[in-house]
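A structural walkthrough
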Amino acid sequence: NAGVTQTPKFRILKIGQSMTLQCTQDMNHNYMYWYRQDPGMGLKLIYYSVGAGITDKGEVPNGYNVSRSTTEDFPLRLELAAPSQTSVYFCASSWGTLDGNQPQHFGDGTRLSIL
Amino acid sequence: AQSVAQPEDQVNVAEGNPLTVKCTYSVSGNPYLFWYVQYPNRGLQFLLKYITGDNLVKGSYGFEAEFNKSQTSFHLKKPSALVSDSALYFCAVREVGSYKLIFGSGTRLLVRP
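Residues numbered from 1 in each chain as written. Chains lettered and ligands numbered in written order. Predicted model: local features only at pLDDT ≥ 70, side-chain atom pairs only at ≥ 80, totals over all residues. Heavy atoms only, no water.

Moving on: the interface of chain A and chain B. Taken together, the contact pairs 25 residues of chain A with 21 residues of chain B. Carbon and sulfur atoms make up 53% of the area that chain A and chain B hide from each other, which totals about 1,900 Å². On inspection of chain A and its partner chain B, the count reaches one salt bridge. A salt bridge links Asp108 of chain A to Arg42 of chain B; the nearest nitrogen and oxygen atoms lie 3.0 Å apart. Counting every contact that joins chain A to chain B gives five residue pairs in polar contact (both at pLDDT 80 or more). Residue assignment for the side of chain A that touches chain B shows that the elements contributing at least two residues are strand E4 (31–37) and strand E5 (43–51) of chain A. A total of four residues in the side of chain A that touches chain B trace back to one element, the largest contributor, which is E4 of chain A. Of the residues contributing to the side of chain A that touches chain B, the split by class is 11 nonpolar, 10 polar and four charged. (Contact = heavy atoms within 4.5 Å. Buried area = accessible area lost by both parts, 1.4 Å probe. Salt bridge = Lys/Arg side-chain N within 4 Å of Asp/Glu carboxyl O. Polar contact = N/O pair within 3.5 Å; in protein donor to acceptor, adjacent residues only side chain to side chain. Helix = DSSP H or I, 4+ residues; strand = E, 2+ residues; numbered from the N terminus. Nonpolar A, V, L, I, M, F, W, Y, C, P; charged D, E, K, R; others polar.)

Set out below in structure tokens:
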């Protein structure tokens with residue numbers, strides 16, 4: 001059971017380049033999330049999705065875009081990479097229920113450096 | 001606005017001793033509270049949650065957490081620490097009616113042999 005899979009694990013970008021961070025889950029979860037984790041900080045929510053075709057902004061969406069064409073996949077797009085986007089990015093998924101008490105399952109992260 | 005505070009950047013404890021990792025929260029209404037653990041170069045793993053009911057919640061790997069509504073706290077505890085418990089621990093809160101988690105800044109637990 002793979003859970004949440006993120007690719008690539010590491011990447012170095014030059015300022016102004018673009019890239020897509022891939023995330024796929026095999027648990028048939030309807031909710032998916034993208035977070036960034038900066039040193040000494042908690043996780044900040046970038047975007048989330050409550051189902052295929054539906055996405056919404058989190059706390060720090062600027063400079064990022066997402067799409068959710070299938071239940072399984074939730075790619076995160078960086079356009080015009082900036083040094084401030086150097087971070088570790090985590091994708092997560094969960095069941096979305098009326099009571100909202102289901103835990104999130106996380107991938108192992110993508111470590112991104114912008115130079 | 002909802003928030004979570006983890007007042008200690010690091011907690012040091014000797015193997016075999018009890019450990020406590022502190023968490024306080026601020027939400028309107030009844031909170032859903034979670035603890036996650038992160039090992040090096042890995043994603044977060046769910047440990048336990050409080051939704052309602054007993055104030056003492058038991059979770060994975062022998063961890064438990066005590067919910068205290070009057071003190072708005074949700075401290076993580078373990079009676080006897082192991083070296084393998086050394087990791088980064090995150091407290092998180094979800095406000096009822098929201099699917100978004102707000103994370104604390106994390107506490108690094110170091111268990112020395």
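So much for the structure itself; the text now carries on.
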